[in-house]
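For reference, the chains in residue letters:
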Amino acid sequence: KMQKRIAYGLPDGVGAYYALVTHYEGNSMSLASTDGILPEIDILKTLSVASATLSTIHGYGYVHRDIKPDNIAMGGCLLDFGCGACLYDRNNKRKTEGQRQEGTRIFMAIGVHKQEPMSTDDDWYSMLFTMLSLCMQLPWDNDRTTTHEDLCKKKLEFIQEIAHVRCQCFCLYYHIVNLILRK
């Protein structure tokens, strides 16, 4: 469970925010899917819960920045907030500097590749790539030599290509794609 906000002062006077999480025992989605593709209904249920949690985190002004199967537990708990960040500075103004290219390249959002200012859209892109990776192999999955610019282009082309494909169980997928394409 995530508490609203707990602030601690650091020696230099800068405040830091922590999310409190309970110890979780069980498999992440990537471990649960090592024996094969997970049933679509299990993917949908788990990612629906994870998406609701992500929306809550976004509502508090934070982004996860490393959404991937390893960081989503079966049941939908989000794990590993090590790359997480606040969208606002100490004066409650939106941060506008370009972000570092952190996270896992396979699931990295377009905005992260481009080093644009942080956005909640980045997490939604990563959620989309996570969901699709549980159902299929992503075209750039084994491509370790591609530049960020080329990988960004491949991902945008892929999103445009699959935006019209209808999958039986992916209402969440359509919601995420529509959120992204509206921007």
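Residues numbered from 1 in each chain as written. Predicted model: local features only at pLDDT ≥ 70, side-chain atom pairs only at ≥ 80, totals over all residues. Heavy atoms only, no water.

Considering the overall build of the chain
- A count of helices and strands for the chain gives 6 helices and 4 strands.
- Helices and strands in the chain line up, N terminus first, as β-β-α-α-β-β-α-α-α-α.
- Considering only intrachain contacts with a sequence separation of at least 6, the fraction spanning at least 24 residues in the chain is 57%.
- When the accessible surface of the chain is summed, it comes to about 10600 Å², and 51% of that surface belongs to carbon and sulfur atoms. (Helix = DSSP H or I, 4+ residues; strand = E, 2+ residues; numbered from the N terminus. Contact = heavy atoms within 4.5 Å. Areas by Shrake-Rupley, 256 points an atom, 1.4 Å probe, with all protein chains shown as cover.)

Brief notes about the side chain of K155
- You can see K155 is positioned in helix α5 (residues 148-162).
- D141 is the oppositely charged side chain nearest to the buried, salt-bridge-free K155, at an N-O distance of 9.8 Å.
- Reaching out from K155, the side chain makes a polar contact with the side chain of H113 at a distance of 3.0 Å.
- If near-sequence neighbours (up to four positions away) are discounted, K155 is found in contact with R105, I106, F107, M108, I110, H113, F129 and W140. (Buried < 20%, exposed > 50% of the residue type's maximum accessible area, 1.4 Å probe, protein only. Lys, Arg positive; Asp, Glu negative; His and termini not counted. Salt bridge = Lys/Arg side-chain N within 4 Å of Asp/Glu carboxyl O. Polar contact = N/O pair within 3.5 Å; in protein donor to acceptor, adjacent residues only side chain to side chain.)

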